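Tertiary structure, described
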Amino acid sequence: MASATDPIRRLVLAFSRLPGIGEKTATRLTFFVLNGPPEVARELSAALADVRERVRFCSVCCNLTEADPCRFCADPRRDDRLVCVVESVPSLLAIERTGEFRGRYHVLHGVISPLDGVGPEQLRLKELVARVALGVDEVIVATNPSVEGEATALYIQRLMRPLGVRMTRIASGVSVGSDLEYADQATLGRALSARREM
Amino acid sequence: MFLREIGWTGFRNLETCAIELDGGFNVFEGDNGQGKTNLLEAVYWLATLRPLRATRLQELIRFGERRCAVTGRIVLDGLEHRLEARIEEGERQCLRELKACRPAEYFGALAVVLFTPDDVGLVRGPPGDRRRYLDRAVFTGRPAHLADVLAYQRALAARNELLRTSEDVALHASFEAALAGPARRLLTARATYLERLTPFFVDAFRGITGLEAPPGLSYRPSLAPGAEDALAEQWAAERERDRERGFTGKGPHADDFGLALGERSARLYASQGQQRALVLALKIAEIRLLEAFFGLTPVLLLDDVSSELDAERNARLFELLHGFRGQVLITTTEARHVQTPDAAREFRVEAGRVTRVQASPSAATVDVS
Ligand SMILES: Nc1ncnc2c1ncn2[C@@H]1O[C@H](COP(=O)(O)OP(=O)(O)O)[C@@H](O)[C@H]1O
Ligand SMILES: [Mg+2]
Ligand SMILES: [Zn+2]
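This is a predicted model, so every value here is computed, not measured. (Residues numbered from 1 in each chain as written. Chains lettered and ligands numbered in written order. Predicted model: local features only at pLDDT ≥ 70, side-chain atom pairs only at ≥ 80, totals over all residues. Heavy atoms only, no water.)

Brief notes about the overall build of chain B
Basically, it comes down to this: Under the DSSP-based scheme used, a helix requires at least four consecutive residues in state H or I and a strand at least two consecutive residues in state E, with every element numbered from the N terminus. Restricting the calculation to C-alpha atoms gives the radius of gyration, and the globule rule supplies 2.2 Å times the number of residues raised to the power 0.38. Partly exposed describes any residue whose relative accessible area lies between the buried limit of under 20% and the exposed limit of over 50%, with all areas from a 1.4 Å probe on protein chains only and scaled to the type maximum. In what follows, a contact means two residues having at least one pair of non-hydrogen atoms within 4.5 Å. Note on areas: Shrake-Rupley, 1.4 Å probe, and residue coverage restricted to the protein chains presented here.
In terms of helices and strands, chain B carries 10 helices and 15 strands. On C-alpha atoms alone, chain B measures out to a radius of gyration of 22 Å, which is about the 21 Å that the 2.2 N^0.38 rule sets for 369 residues. Based on the C-alpha atoms only, the size of chain B along its principal axes is roughly 75 × 55 × 35 Å. In chain B, which comprises 369 residues, the share counted as buried stands at 52%. Taking all contacts inside chain B whose residues are at least 6 apart in sequence as the whole, residues at least 24 apart take part in 71%. As presented, chain B carries roughly 17,000 Å² of accessible surface, and 49% of it is formed by carbon and sulfur atoms.

Below you can see the structure in the form of structure tokens.
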């Protein structure tokens, strides 16, 4: 009889809490970990433990990183006068992959979403204001073209107004409702270079 | 464009099966409650990824089942396309040419125009019915309209939530501006559609009724028309009143369109017969517009229509249908009520089972010739 702490059921349950994974996939993964080469399980559990232990927020841009400042903030060849605001680390990585952008980043870790109970105070906005006040020429807002992404961009624009910084928004080459994460590199690259004044 | 084959599994009360359709007339006969409307809903779902009557996707799934799927082979410009629309784990999924895709990539192979007995209520019914009708009609020729409708609904819900929970003026203004984008696109698409529809509508109405007063169509916006900024400003001005109400009072979600006969409002003055003629003219105009502007000949779905029309208008309808070049799917309780061409393919619908009624030998000979 399986008890509540049955290790197999526990792992199935743990996997099935991950996004995009249903019970069937969770069961398959569990039995792979159980029956596959032992180093798979060892590496997985070590990596899981590490990721929460060693990863923290970059004190400059709020990116997730082991070293502080993160590699984008530490790179001396990048342009300090240009800051690209993204909603998540996957968005940052998607923009980085285009190879079009050589400025700095700022990660909000979400967008304002009244329907999900997320207000401005839950995002890394204070950090952004403090950074821009120290001297930045242009802020590019690259939140997703969703309703919440648009509203967040407009909110940031209002926040920045007293600072007199140039504000731009990436062009809407990315279709409405889609995530930057899934946009192809060419489209995203074009959206960046065709950004417009806000 | 026509549906060569349609199949379903786990959809409403329909038993799993696939049927081959005729490129012209197809008649589905069966008593009430057997699944005729469900069958048309399956076609509608395949074409639009939206239920016809249900408010929740879950209602489409057969009682006791967990998933459903409708598949179709569509012939368009001589090429066969394959569509599949499913509900899996409560989520809508669509496949084109057997590959999962986004809705934006899915639409385009199949367009439908639906006639149901409920349509007669359009003239006198609540504004919500007319808005839904209008958005569905716009969508048929402009699939991107769906994305705008969904974005608008989401932005509207977000603003309504803010009205209850936040005093942050900058935050309100940001969401009002975000609401203005999809609102503007919705308003433009609706207005353009009605403007283009009007000449076809006037023509169709004259065709049905002869010499009656010319009918009119007009959009009735609740916000003064304008650019995005102008819309956002009006919401800002309404903010206090909306906060008291607890929801957004004005916007495309509160608009209406009016039908008129001459100078008079059809809602107030049209007779029962005139109302039916107006609705019929709207539908015919919808088809003509699709043909004229988009080169699209939609598949017509007629649900139990003859039961709602008097003999004369019924005859008119079928006269018009006979002149229609595309595919038609008709449901009826009695095959003899519908005046279909001899070559029509007949099916019986009984307790969710759909079977082909084999043509009599003499009819088969005619078929071959
Ligand atoms: N999700 C569902 N699962 C099983 N049966 C359903 C479902 N939804 C509706 N039905 C049944 O379908 C029947 C109605 O079918 P319908 O197509 O409206 O009939 P009609 O032939 O009169 O148009 C009813 O018996 C109803 O119970
Ligand atoms: Mg019915
Ligand atoms: Zn950093």
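Quick look at the domain arrangement of chain A
Counted only if it meets this: Start and end points for every domain follow an automatic or database-based domain assignment.
As far as domains go, chain A holds domain 1 (7-54) and domain 2 (71-197). A separation of 33 Å is found between the C-alpha centroids of domain 1 of chain A and domain 2 of chain A.

Points about the site of ligand 1
All names here are of chain B. The test is simple: Any residue with at least one heavy atom within 4 Å of a molecule or strand is counted as near it. In protein, a polar contact requires one atom able to donate a hydrogen and another able to accept it; more generally it is a pair of N or O atoms within 3.5 Å, and residues adjacent in sequence count only if both atoms are side-chain atoms. Amino acid classes used here: Ala, Val, Leu, Ile, Met, Phe, Trp, Tyr, Cys and Pro are nonpolar; Asp, Glu, Lys and Arg are charged; the rest, including Gly, are polar.
Taken together, 15 residues sit near ligand 1, with Gly33, Lys36, Thr37, Asn38 and Ile61 positioned nearest. At 2.8 Å from an oxygen atom of ligand 1 is found a main-chain nitrogen or oxygen belonging to Lys36. Take Glu59: an N or O atom from its main chain is 3.0 Å from a nitrogen atom of ligand 1. For ligand 1, whose free accessible area comes to 580 Å², the fraction covered by protein is 74%. Among the residues forming the shell around ligand 1, the class breakdown is 2 nonpolar, 7 polar and 6 charged.

Observations regarding the nonpolar core
What counts, and what does not: What we call a nonpolar core is a set of buried Ala, Val, Leu, Ile, Met, Phe, Trp, Tyr and Cys residues that are connected through their side-chain atoms within 4.5 Å.
Ranked by size, the top nonpolar core spans 133 residues in total, and within it Trp8(B) and Leu110(B) carry the most contacts. With 16 residues, the single largest contributor to this core is helix H5 (residues 169-209) of chain B. Look past the residues within four positions of Trp8(B) in its chain and what remains in contact with it is Leu14(B), Glu15(B), Thr16(B), Cys17(B), Ile19(B), Leu39(B), Ala42(B), Ala69(B), Val70(B) and Val354(B). In terms of nonpolar packing, the next biggest core, distinct from the first, is built from 22 residues, Cys70(A), Ile170(A), Leu188(A) and Ala191(A) among them.

A word on the interface of chain A and chain B
What counts is decided by this rule: The buried area of a pairing is the accessible area, by a 1.4 Å probe, that goes missing from both parts when the two are put together, added over both. A pair is scored as a salt bridge if a Lys or Arg side-chain nitrogen falls within 4 Å of a carboxyl oxygen belonging to Asp or Glu.
Contact with chain A, which involves 15 residues of that partner, is made by 17 residues of chain B. Note on chain A versus chain B: buried area summed over both sides is about 1,400 Å², and carbon and sulfur give 72% of it. Interface area lost by chain A to chain B is led by Pro114(A), Leu115(A) and Val147(A), which between them contribute 39%. Summed over the shared surface of chain A and chain B, the result is 2 salt bridges. Put simply, Arg154(B) and Asp116(A) hold a salt bridge, and the shortest N to O gap is 3.6 Å. At the junction of chain A with chain B, the criterion picks out 3 residue pairs in polar contact (both at pLDDT 80 or more).

Quick look at the coordination of the zinc ion (ligand 3)
Residue and element names in this part refer to chain A. Filter applied, for reference: Atoms are scored as donors when they are N, O or S and lie within 2.8 Å of the metal, with 3.2 Å used for Na, K and Ca; no water is included, so coordination may look incomplete. Tetrahedral means four donors with every angle between 85 and 135 degrees, whereas square planar (four donors) and octahedral (six donors) require angles over 155 degrees between opposite donors and between 65 and 115 for all others; sites fitting neither are termed irregular.
Taken together, Cys58 (SG), Cys61 (SG), Cys70 (SG) and Cys73 (SG) make up the protein donors of the zinc ion (ligand 3), found 2.2 to 2.4 Å from the metal. Bound by 4 donor atoms, the zinc ion (ligand 3) shows angles of 103 to 116° at the metal and therefore tetrahedral coordination geometry. Linear spacing of the donor residues for the zinc ion (ligand 3) on their chain is C-x2-C-x8-C-x2-C.

Overview of the pattern of salt bridges
One side chain can pair with another of opposite charge once the charged atoms of both are near each other. For the coordinates displayed, the defined rule picks out 45 salt bridges over all chains. Residues Glu66(A) and Arg54(A) are paired through a salt bridge, measuring 2.7 Å at the closest nitrogen-oxygen approach. Here Glu66(A), found in the loop between strand S2 (64-65) and helix H4 (71-74), pairs with Arg54(A), found in helix H3 (residues 38-54); they are 12 residues apart in sequence, far enough to count as distant. Taking the shortest distance from any N to any O, the salt bridge between Arg53(B) and Glu41(B) comes out at 3.4 Å. Within this pair, whereas Arg53(B) is found in the loop between helix H1 (36-48) and strand S4 (68-76), its partner Glu41(B) is found in helix H1, the two being separated by 12 residues in sequence. A relative accessible area of 0% places Glu41(B) in the buried class.

Looking at the pairing of strand S3 (residues 25-29) of chain B
Residue and element names in this part refer to chain B. The condition is simple: One bridge is not enough; two strands pair if DSSP finds at least two bridges between them.
Burial analysis of S3 places 5 of its 5 residues in the buried class, the great majority of the element. Side-chain alternation along S3 places Phe25, Val27 and Glu29 on one buried face and Asn26 and Phe28 on a second face that is also buried. Sheet analysis places S3 next to strand S13 (residues 328-332), joined by 5 bridges and oriented parallel. Opposite Phe25, over in S13, you have Val328 as the bridge partner. Across 4 bridges, the pairing between S3 and strand S14 (residues 345-350) is parallel. What sits directly across from Val27, in S14, is Glu346.

Quick word on the side chain of His106(A)
Residue and element names in this part refer to chain A. Its location among the elements puts His106 in strand S4 (residues 103-107). Given the relative accessible area of 0%, His106 is considered buried. The residues contacting His106, other than those within four sequence positions of it, are Val60, Cys61, Cys62, Val83, Cys84, Val85, Val86, Arg124, Glu127, Leu128 and Arg131.

Let's talk about unusual backbone geometry
Omega for the peptide link from Asp68(A) to Pro69(A) comes to -5°, which places this bond in the cis form. Here Pro69(A) shows up in the loop between S2 and H4. Positive phi values are uncommon outside glycine, yet Arg12(B) reaches one of about 45°. Following the sequence through the fold, Arg12(B) ends up in the loop between strand S1 (2-9) and strand S2 (17-20). Even without being a glycine, Glu89(B) presents a positive backbone phi close to 50°.

A look at a nonpolar patch on the surface
This is how the line gets drawn: Within the patch definition used here, like charges are joined within 9 Å and nonpolar side chains (Val, Leu, Ile, Met, Phe, Trp, Tyr) within 5 Å, considering only residues with over 30% relative accessible area and no salt bridge.
Nonpolar side chains collect at one region of the surface, where Val51(A), Val55(A), Phe57(A) and Leu64(A) lie side by side and expose about 310 Å² of accessible area between them. When you line up the elements, Val55(A) lands in the loop between H3 and strand S1 (56-57).

As for the pairing of strand S10 (residues 256-261) of chain B
Most of S10(B) is tucked away, with 6 of its 6 residues classed as buried. In sequence, S10(B) turns back onto strand S11 (residues 264-265) of chain B through a hairpin of 2 residues, with Gly262(B) there showing a positive phi of about 60°.

Re helix H2 (residues 23-35) of chain A
Residue and element names in this part refer to chain A. Selection criterion: Helix span, expected: 1.5 Å multiplied by one less than the number of residues in the helix. This arc is built from the directions going out from the helix axis to the C-beta atoms.
Between its first and last C-alpha atoms H2 spans 18 Å; for 13 residues at 1.5 Å apiece the expected length is 18 Å, and the two agree. Within the span of H2, buried status applies to Ala26, Thr30 and Val33. An end-on view of H2 places all buried positions within 65° of arc, on one side of the element. Those residues of H2 that are exposed and aimed more than 90 degrees away from the buried face are Lys24, Arg28 and Asn35. On its buried side, H2 packs onto helix H1 (7-16) and H3.

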